[in-house]
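# Structural description and commentary
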Number of protein chains: 2
Amino acid sequence: MTDQLSRVFAALADPTRRDMVARLTEADHTVNDLAAPYDVSLQAVSKHLKVLEEAGLVTRTREAQRRPVHLEAEVFDLMTKWIERYRRQAEERYSRLDAVLARMQDADDPSSTNPQEGTAS
Amino acid sequence: MTDQLSRVFAALADPTRRDMVARLTEADHTVNDLAAPYDVSLQAVSKHLKVLEEAGLVTRTREAQRRPVHLEAEVFDLMTKWIERYRRQAEERYSRLDAVLARMQDADDPSSTNPQEGTAS
DNA sequence: TCCTTGTTCAACCAATGGGTTGACAACGCC
DNA sequence: GGCGTTGTCAACCCATTGGTTGAACAAGGA
């Protein structure tokens, strides 16, 4: 699981991390800040942030002792590109299927005596 | 990690599973069929399919001994909705930031001697 | 300089994930 | 009824993950 796309999906597979990302869309946050709402140790949150960072979803800069966390929303594109590509492909396939079914219905014209087996869903 | 969104993200965090999904956008496949290109046991592929199924990404119907695997592309919407929501929010934030920066540049205008603070709406 | 605040590192633990092999269930075909 | 095909279940192995606690580091502020 070394490729970035995998890392991004994996990073967002955790509800806590998704929530962090959600909150980061509104404003940058420090680690303490981010950790506040969750019932886990600060270190656990730090680990989550590392995961998000390695996925390229956030960056951190130094600012005195604080390490403000900043969302890098461009990475979302990686996912949407992948998803949209295959969604579109799947939809095209369905329309082809619709066409096939339409043709079958033509062939199944009730004036024909053939039984209509095999098409049951 | 019980919610569906988490399961979908987790399911797609694996390159093999993503490849399966990609291939399933073109046509339904049997398990053997799906397994062919990968250098893992049939059982491993069966496990991957279980993950995809529990995420709601595929369904399987009985058909003699075969269990054709079918992609359920609607689940993609779950992800795109989530992603797009926060992407949009992040973009809005950036435009607000741009506005702030623009105002700061105004304030920094060298022709003006007195700083125009407090003019933010 | 020492203290406080903010954050990470290290070591550990239990649970999960992806892989294996071996057994077996379901079905169609002689 | 027996046989091959197709697929799943079960048990196991090892690496990774998400959590813990305790110690350490980094950078002001007193």
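Above this text sits the structure in question.
A few points on the structure. (Residues numbered from 1 in each chain as written. Chains lettered and ligands numbered in written order. Predicted model: local features only at pLDDT ≥ 70, side-chain atom pairs only at ≥ 80, totals over all residues.)

The subject of this paragraph is the overall build of chain A. Of regular secondary structure, chain A possesses 5 helices and 2 strands. The helix and strand sequence of chain A, counted from the amino end, reads α-α-α-α-β-β-α. Taken over 121 residues, chain A has a buried fraction of 22%. Sequence-distant contacts in chain A: of pairs separated by 6 or more residues, those separated by 24 or more amount to 51%. (Helix = DSSP H or I, 4+ residues; strand = E, 2+ residues; numbered from the N terminus. Buried ≥ 20, exposed ≤ 12 C-beta atoms within 10 Å, placed from the backbone. Contact = placed C-beta atoms within 7 Å.)

Let us now look at the packing of helix 2 (residues 15–24) of chain B against helix 4 (residues 42–54) of chain B. All names here are of chain B. Relative orientation of the contacting elements helix 2 and helix 4 amounts to 70 degrees, with a least axis distance of 10 Å. The orientation of helix 2 with respect to helix 4, classified from their angle, is roughly perpendicular. Together, Thr 16, Arg 17, Met 20 and Val 21 of helix 2 and His 48, Val 51 and Leu 52 of helix 4 make up the contact between the two elements. The residue makeup of the contact of helix 2 with helix 4, split by class, is 4 nonpolar, 2 polar and 1 charged. (Axes fitted to C-alpha atoms, helices over the stretch in contact; angles between N-to-C directions. Parallel < 35°, antiparallel > 145°, perpendicular 65-115°, else oblique. Nonpolar A, V, L, I, M, F, W, Y, C, P; charged D, E, K, R; others polar.)

Here we take up the interface of chain B and chain A. Every contact between the two is made by 25 residues of chain B and, on the other side, 25 residues of chain A. Those elements that provide at least two residues to the side of chain B that touches chain A are helix 1 (4–12), helix 2 and helix 5 (75–107) of chain B. With 10 residues, the top contributor of residues to the side of chain B that touches chain A is helix 5 of chain B. Class assignment of the residues belonging to the side of chain B that touches chain A gives a composition of 15 nonpolar, 4 polar and 6 charged.

Our focus in this paragraph is the relation of the copies chain B and chain A. Superposition of the two copies of the chain requires a rotation about an axis and a shift along the axis. When chain B is brought onto chain A, the operation consists of a screw motion whose angular component is 180 degrees and whose axial shift is 0.0 Å, with 0.1 Å RMSD remaining. This pairing of chains is accounted for by a two-fold axis. A symmetric contact is evident, with 100% of the interface residues of chain B recurring at the interface of chain A. (Least-squares fit on C-alpha atoms with pLDDT ≥ 70 in both.)

We now examine the protein's contact with DNA strand C. Taken together, 23 residues are adjacent to DNA strand C, and Thr 30 and Asn 32 of chain A together with Ser 41, Ala 44 and Ala 64 of chain B come closest. If you list the elements that add at least two residues to the surface near DNA strand C, you get helix 3 (31–35) and helix 4 (42–54) of chain A together with helix 4 of chain B. Per-element tally for the surface near DNA strand C: the top contributor is helix 4 of chain B, with 5 residues. Considering only residue class, the surface near DNA strand C consists of 7 nonpolar, 10 polar and 6 charged. (Near = placed C-beta within 6 Å.)

Everything listed is a geometric property; what it means functionally is a separate question.
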